[in-house]
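Geometric and topological summary
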Amino acid sequence: MDFGKTSAADLAGLISSGEITARRAVELSLDAAEKLNEKLNAFLEINRGGALQRAESLTGREGALAGVPIAIKDNICVEGMQASCGSRILGDYHPPYNAFVVDRLLAAGAVIVGKTNCDEFAMGSSNENSAFGPVKNPWDTSRVPGGSSGGSASVVAAGIVPVALGSDTGGSVRQPASLCGVVGLKPTYGRNSRYGLVAFASSLDQVGIFARSTSDVARVLGVIAGRDPHDATTADVPVPAYAAELTNNIKGARIGLPRSLFGEGLDAEVRSSVHAAVDVYRELGAEIVDIELPNAQYSIAVYYIIATAEASSNLARFDGVRYGFRAEDAPELRQMYRKAREEGFGPEVKRRIMLGTYVLSAGYYEAYYGKAQQVRSLIKEDFRQAFESCDAIITPTSPTPAFLIGEKVDNPLAMYLNDIYTVTANLAGIPGLNIPCGLSSNRLPIGFQLLGAYWSEPTLFNLAHAYETAQPFTERPPICAE
């Protein structure tokens, strides 16, 4: 067995058949994590003792993920493990409960091997904003893995775990999935619970999934999706048997192509690779139809108003009083609040809190936040109209392959433009899926994105699975677990 290339489905099958024990599978994952983390800085905590103890307690027949090692982004709560959100202000906080999605994984037999590094409070597109240092891309450790869920993308690409969870507020699963050459899903808003996910922007956040194949993503979504009484934004919509319904027959499927999104600012190799993917879909029998998303041009501006406004509200709770970092030498309460936030938050989080506070302030609320919400409604309507003529929409996921660490860190506007193809799905609440489709001339992954209507994950999975079967992405990065 080549552990670094084995899927979650195959690994669960090997464990259930007795060909390998859950303990051995978890040991291989932990050994790879400890060996490669010095180069990748992708884990903030590796839970060897707890993971091995859980693996030994499994029979291999617990569920769809029995014995499968999984990594969890550090802004998702796992009882007894740290949840720093990549921030100094939370320090060594260890939540006393599991996120709903983590409970679902454990019920299916999964083993949590560690917590992955991320941009502080999930704010970033490169994973350079973590208080614990940047994550490295396993394809080229001088380059970023994407963000904010870059740690989870990196450990899946490197073969340390077959599956990892991240969070997607504006593309933070799909963009790093593209830059690291793995599959990444942002589900429909309300498809799975946000209970236990530390909030960044509550109307945009969703727990997402990384894996090396669509079938593994489908398997995991089938485990974690569903109504949660702790989260009023989860929908009481039936959860299909996603993995069991995958087929390779997409004849007659209609895929929308918004040609206006393939213009200025898109890397030539990315454009060529995505157009090649469109040609594959034609050969598979899909119909390519031209569509328009006229308000997509405003998506970055709208996103960074709404997201920062919600962040400024959500992060008000971190004050140094109840948990996490507390500033020293603060003689009175107001000074303690101020110093704790000043010393605990990093530059990008401060930037977004200040911007969000500004757009919500008296005299500016209607001009900025109110107007952004109106344009958000227009973006939703654009998608509604587009899906009347197509089953899914294809776009690039990231405008470029992975860029160098430090290349854009001093230019926030250039950094924010990395999300230009992904933020629309969060604003509209629709699902998005990244699929690897090739390598650039300097051997960096390129991905394309499929967007669908509400609850259309089965359609996206079938389209992605058909593409993977016709054009399998079998390349692995130079740093890969054996």
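Before reading further, recall that the structure is shown in the block above.
Below or above, wherever it landed, is the structure these notes cover. (Residues numbered from 1 in each chain as written. Predicted model: local features only at pLDDT ≥ 70, side-chain atom pairs only at ≥ 80, totals over all residues. Heavy atoms only, no water.)

**Side note on the packing of aromatic side chains**
- Inspection of the entire model under this criterion finds 15 aromatic pairs.
- Considering the side-chain rings of Tyr 303 and Tyr 304, the 4.8 Å spacing of their centres and the 90° angle between planes classify their relative orientation as edge-to-face. In this pair, the class of Tyr 303 matches that of Tyr 304, namely buried.
- Judged by centre distance (4.1 Å) and plane angle (15°), the rings of Tyr 304 and Tyr 416 are stacked. Taken together, the residues span a long stretch of sequence, with Tyr 304 in helix α9 (residues 299-314) and Tyr 416 in helix α13 (residues 412-416) at a distance of 112 residues. Neither Tyr 304 nor Tyr 416 differs from the other in exposure class; each is buried.
- The ring of Phe 403 has Lys 408 lying over it, and the distance from NZ or CZ to the ring centre is 4.4 Å. (Phe/Tyr/Trp six-rings, centres within 6.5 Å; stacked < 30°, edge-to-face > 60°. Buried < 20%, exposed > 50% of the residue type's maximum accessible area, 1.4 Å probe, protein only. Helix = DSSP H or I, 4+ residues; strand = E, 2+ residues; numbered from the N terminus. Lys NZ or Arg CZ within 6 Å of the ring centre and 35° of its normal.)

**Let's talk about the nonpolar core**
- Ranked by internal contacts, the top residues of the largest apolar core, which has 62 residues, are Leu 105, Leu 165, Ile 224, Tyr 281, Ile 394 and Phe 448.
- Once you skip the residues sitting within four places of it in the chain, Ile 394 turns out to touch Ile 255, Gly 256, Leu 257, Pro 258, Phe 262, Val 274, Ala 277, Val 278, Tyr 281, Phe 448, Gln 449 and Leu 450. (Core = buried A, V, L, I, M, F, W, Y, C linked by side-chain atoms within 4.5 Å. Contact = heavy atoms within 4.5 Å.)

**Points about the pairing of strand β4 (residues 163-168)**
- Counting buried positions along β4 gives six out of six residues, so the element sits mostly inside the fold.
- The alternating pattern of β4 places Val 163, Leu 165 and Ser 167 on one face and Ala 164, Gly 166 and Asp 168 on the opposite face, and all of these are buried.
- Sheet topology note: the strand β2 (residues 69-73)/β4 ladder contains three bridges and is parallel. Of the residues in β4, the one forming a bridge with Ala 71 is Ala 164. (Pairing = 2+ DSSP bridges.)

**Looking at the packing of helix α8 (residues 268-283) against helix α15 (residues 457-470)**
- Packing of α8 against α15 brings their axes to within 10 Å, and their N-to-C directions diverge by 95°. Here α8 is positioned roughly perpendicular relative to α15, judged by the angle of their axes. On α15, the residues touching Ala 277, Val 280 and Tyr 281 of α8 are Leu 463, Ala 464, Tyr 467 and Ala 470.
- Here the residues of the contact of α8 with α15 are counted per class, giving seven nonpolar, no polar and no charged. (Axes fitted to C-alpha atoms, helices over the stretch in contact; angles between N-to-C directions. Parallel < 35°, antiparallel > 145°, perpendicular 65-115°, else oblique. Nonpolar A, V, L, I, M, F, W, Y, C, P; charged D, E, K, R; others polar.)

**Focus: the sheet that holds strand β10 (residues 432-439)**
- Sheet architecture is open: eleven strands sit in the order β1-β3-β2-β4-β6-β5-β10-β11-β9-β7-β8, paired in mixed fashion. Each having just a single partner strand, β1 (43-46) and β8 (287-290) make up the two edges of the open sheet. Each adjacent strand pair in this sheet contributes to an overall mean axis angle of 30°, direction not counted.
- Of the strand pairs in this sheet, β4 and strand β6 (residues 206-211) are connected by six bridges, and their pairing is antiparallel. Opposite Ala 164, over in β6, you have Phe 210 as the bridge partner.
- Helix α2 (residues 22-40) rests against β1, β2 and β3 (111-116) of the sheet, and its axis sits at about 140° to β1.

**Looking at the pattern of salt bridges**
- Enumeration over the complete set of coordinates arrives at 18 salt bridges.
- With a shortest N-O distance of 2.6 Å, Arg 48 and Asp 31 are connected by a salt bridge. Of this pair, Arg 48 sits in helix α3 (residues 48-57) while Asp 31 is found in helix α2, placing the two residues 17 residues apart along the sequence.
- Classification of Asp 31 as partly exposed rests on a relative accessible area of 37%.
- Note that Glu 388 is salt-bridged to Arg 384, the shortest N-O span being 2.7 Å.
- Classification of Arg 384 as partly exposed rests on a relative accessible area of 44%.
- Through salt bridges with shared partners, a single ionic network connects Arg 23, Arg 24, Glu 27 and Glu 56. (Salt bridge = Lys/Arg side-chain N within 4 Å of Asp/Glu carboxyl O.)

**A look at the packing of α9 against helix α11 (residues 347-359)**
- Across the interface, α9 lies against α11 with an axial gap of 7 Å and an inter-helix angle of 100°. In this view, α9 runs roughly perpendicular relative to α11, as classed from their interaxial angle. The residues of α11 that touch α9, namely those facing Tyr 304, Ile 305, Thr 308, Ala 309 and Ser 312, are Arg 352, Ile 353, Leu 355, Gly 356, Thr 357 and Val 359.
- A breakdown of the residues in the contact of α9 with α11 according to their chemical character gives six nonpolar, four polar and one charged.

**Remarks on a nonpolar patch on the surface**
- Taken together, the side chains of Leu 355, Tyr 358, Tyr 364 and Tyr 368 present a nonpolar region at the surface, about 350 Å² in accessible area.
- When you line up the elements, Tyr 358 lands in helix α11. (Patch = residues over 30% accessible without salt bridge, like charges linked within 9 Å, V, L, I, M, F, W, Y side chains within 5 Å. Areas by Shrake-Rupley, 256 points an atom, 1.4 Å probe, with all protein chains shown as cover.)

**Observations concerning unusual backbone geometry**
- Omega for the peptide link from Gly 147 to Ser 148 comes to 5°, which places this bond in the cis form.
- Within the element layout of this structure, Ser 148 appears in the loop between β3 and α5 (150-157).
- If you check the backbone angles, Asn 41 has positive phi at about 50° while not being a glycine.
- Among the secondary structure elements, Asn 41 is positioned in the loop between α2 and β1.
- Within the chain, Cys 85 stands out as a residue other than glycine whose phi angle is a positive 55°.
- Looking at where Cys 85 falls in the secondary structure, it is placed in the loop between β2 and α4 (100-107).
- For Cys 85, a relative accessible area of 0% gives the class buried.

**Overview of α5**
- Burial analysis of α5 places eight of its eight residues in the buried class, the great majority of the element.
- Listed in full, the buried residues belonging to α5 are Gly 150, Gly 151, Ser 152, Ala 153, Ser 154, Val 155, Val 156 and Ala 157.
- Among the residues trailing α5, Gly 159 stands out with phi positive, at a value near 80°.

**Considering the environment of Ala 201**
- Residue placement: Ala 201 occurs in the loop between β5 (183-186) and β6.
- Judged by its relative accessible area of 0%, Ala 201 falls in the buried class.
- For the pair formed by Ala 201 and Ala 122, sequence separation is 79 residues and the distance between their alpha carbons is 9.7 Å.
- If we ignore the near neighbours within four places in the chain, the residues touching Ala 201 are Thr 169, Ala 307, Glu 310 and Asn 314.

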